[in-house]
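# A structural walkthrough
So the chains spell out like this:
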Amino acid sequence: MVSKVTPYKDSELGKKEQVTKMFDNISKEYDGLNRVISFGIDVSWRKKVVALVDKTQPNSILDIATGTGDLAIQLASSTQAKDIVGLDISEGMLEVGRKKVTQKQLDNKIKLVLGDSENLPFEDDTFDAITVAFGVRNFENLEKGLAEIYRVLKPGGIFVILETSVPTKTPFKQGYKLYTNNIMPLIGKVFSKDRSAYRYLSDSASVFPYGEVLNNILRKIGFIDVNDLPQTMGVATIYTSSK
């Protein structure tokens, strides 16, 4: 069971609606603050995701929780895929992403669409590859979202998750806890108009299942060849699997 953490503790909205509201609120500042909070290391993590996907030579890719489109853009630039769809629940994030796609002249290759990861608007066995970067912990129902991903992934296709995780070795474990509990929310509080957002991002990371726990959830859904690759002392993990 995944502990339920929501952006706005006093809100009567469900997690999905709260997450949508949160990302709409921070969409204009998200890219800049994300680079600051991660010290820019998230760029190298995404490059590794792209390399893993590229090895399978996909023609069609779905990037779920695409946000402002960073990973979709990298996939378009570094793979031979002809059809890349980026899906997100926040229209505010997609608005920023569409401008970036147009600026890079990738409109013919990338389509950014509004949609719910737990009710994907695609036929079974549609995509050769599916990616999610820092998005699965925002699913309201994790297993339902993963089951939908499994449904629209082609047999033999690759599924790659990039998500935060918690270091287990000293002193990285203690340093990570100090940073996520104190420094990261403070940065968000100072620079963001939505003070709850960056507290949620750190809290949700701390309770989300990682490593073998998430591996087992993927296997339960039906994914095969499940593997996890910890990054940067374990502060993030890349998960690969197939159908």
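The structure we're discussing is the one just above.
Report on the accompanying structure. (Residues numbered from 1 in each chain as written. Predicted model: local features only at pLDDT ≥ 70, side-chain atom pairs only at ≥ 80, totals over all residues. Heavy atoms only, no water.)

### A closer look at the packing of aromatic side chains
For the structure on display, the rule yields five aromatic pairs. Centroid distance Tyr 150 to Phe 223: 5.1 Å. Interplanar angle 90°. Geometry classified as edge-to-face. Of this pair, Tyr 150 sits in helix 6 (residues 142-152) while Phe 223 sits in the loop between helix 9 (212-221) and strand 6 (224-231); the two residues are 73 residues apart in sequence, bridging distant segments of the chain. A residue is classified by how much of its surface remains accessible, and Phe 223, at 3% relative accessible area, is buried. Every member of this aromatic cluster is reached through a ring pair, and the members are Tyr 150, Phe 159 and Phe 223. Over the ring of Tyr 8 we find Lys 21; its NZ or CZ atom is 5.0 Å from the centre of that ring. (Phe/Tyr/Trp six-rings, centres within 6.5 Å; stacked < 30°, edge-to-face > 60°. Helix = DSSP H or I, 4+ residues; strand = E, 2+ residues; numbered from the N terminus. Buried < 20%, exposed > 50% of the residue type's maximum accessible area, 1.4 Å probe, protein only. Lys NZ or Arg CZ within 6 Å of the ring centre and 35° of its normal.)

### Considerations on the nonpolar core
Formed by 27 residues in total, the largest nonpolar core has its most connected members in Leu 62, Ile 130, Leu 146, Ile 149 and Phe 159. When contributions to this core are tallied by element, the ones reaching two or more residues are strand 1 (60-64), strand 2 (83-88), strand 4 (127-133), helix 6, strand 5 (153-164) and helix 9. Setting aside chain neighbours within four positions, we find Ile 130 in contact with Leu 62, Ile 64, Ile 149, Val 152, Leu 153, Ile 158, Phe 159 and Val 160. Membership of the second largest hydrophobic core comes to 25 residues, among which are Val 49, Ile 84, Leu 162 and Ala 236. (Core = buried A, V, L, I, M, F, W, Y, C linked by side-chain atoms within 4.5 Å. Contact = heavy atoms within 4.5 Å.)

### Comments concerning the pattern of salt bridges
Evaluation of the coordinates by the stated rule reveals 16 salt bridges. Of the charged contacts, one joins Arg 46 and Asp 42 as a salt bridge, the two residues approaching to 2.5 Å between their closest N and O atoms. One end of the pair, Arg 46, and the other, Asp 42, are both in helix 3 (residues 41-54), four residues apart, so they sit about a helical turn from each other. The partner of Asp 128 in a salt bridge is Lys 154, and the shortest N-O contact between them spans 3.3 Å. Remark: Lys 154 occurs in strand 5 and Asp 128 occurs in strand 4; sequence separation between them is 26 residues. (Salt bridge = Lys/Arg side-chain N within 4 Å of Asp/Glu carboxyl O.)

### Describing the sheet that holds strand 1
Note on sheets: strands pair through backbone hydrogen bonds, and any given pair is parallel or antiparallel. Spatially, the seven strands line up as an open sheet ordered 3-2-1-4-5-7-6, and their pairing is mixed. Edge positions in the open sheet fall to strand 3 (110-114) and strand 6, since each of these has one partner strand only. Adjacent strand axes in the sheet meet at a mean angle of 15° when their direction is disregarded. As judged from the four bridges shared by strand 1 and strand 4, these two strands associate in the parallel manner. Counterpart to Ile 61 in the pairing with strand 4 is Ala 129. Packed onto the sheet, helix 3 meets strand 1, strand 4, strand 5, strand 6 and strand 7 (236-242) and runs at close to 170° relative to strand 5. (Pairing = 2+ DSSP bridges. Axes fitted to C-alpha atoms, helices over the stretch in contact; angles between N-to-C directions.)

### Re the packing of helix 3 against helix 4 (residues 70-78)
The relative placement of two packed helices comes down to the angle between their axes together with the axis-to-axis distance. Where helix 3 meets helix 4, the closest approach of the two axes is 10 Å, and the angle between their N-to-C directions is 45°. Accordingly, the angle class assigned to the pair helix 3 and helix 4 is oblique. Every pair of crossing elements has a handedness; the one defined by helix 3 and helix 4 is right-handed. Touching Val 43, Arg 46, Lys 47, Val 49, Val 50, Val 53 and Asp 54 of helix 3 are Asp 70, Leu 71, Gln 74, Leu 75 and Ser 78, all from helix 4. (Parallel < 35°, antiparallel > 145°, perpendicular 65-115°, else oblique. Left-handed = near helix turned anticlockwise from the far one by under 90°.)

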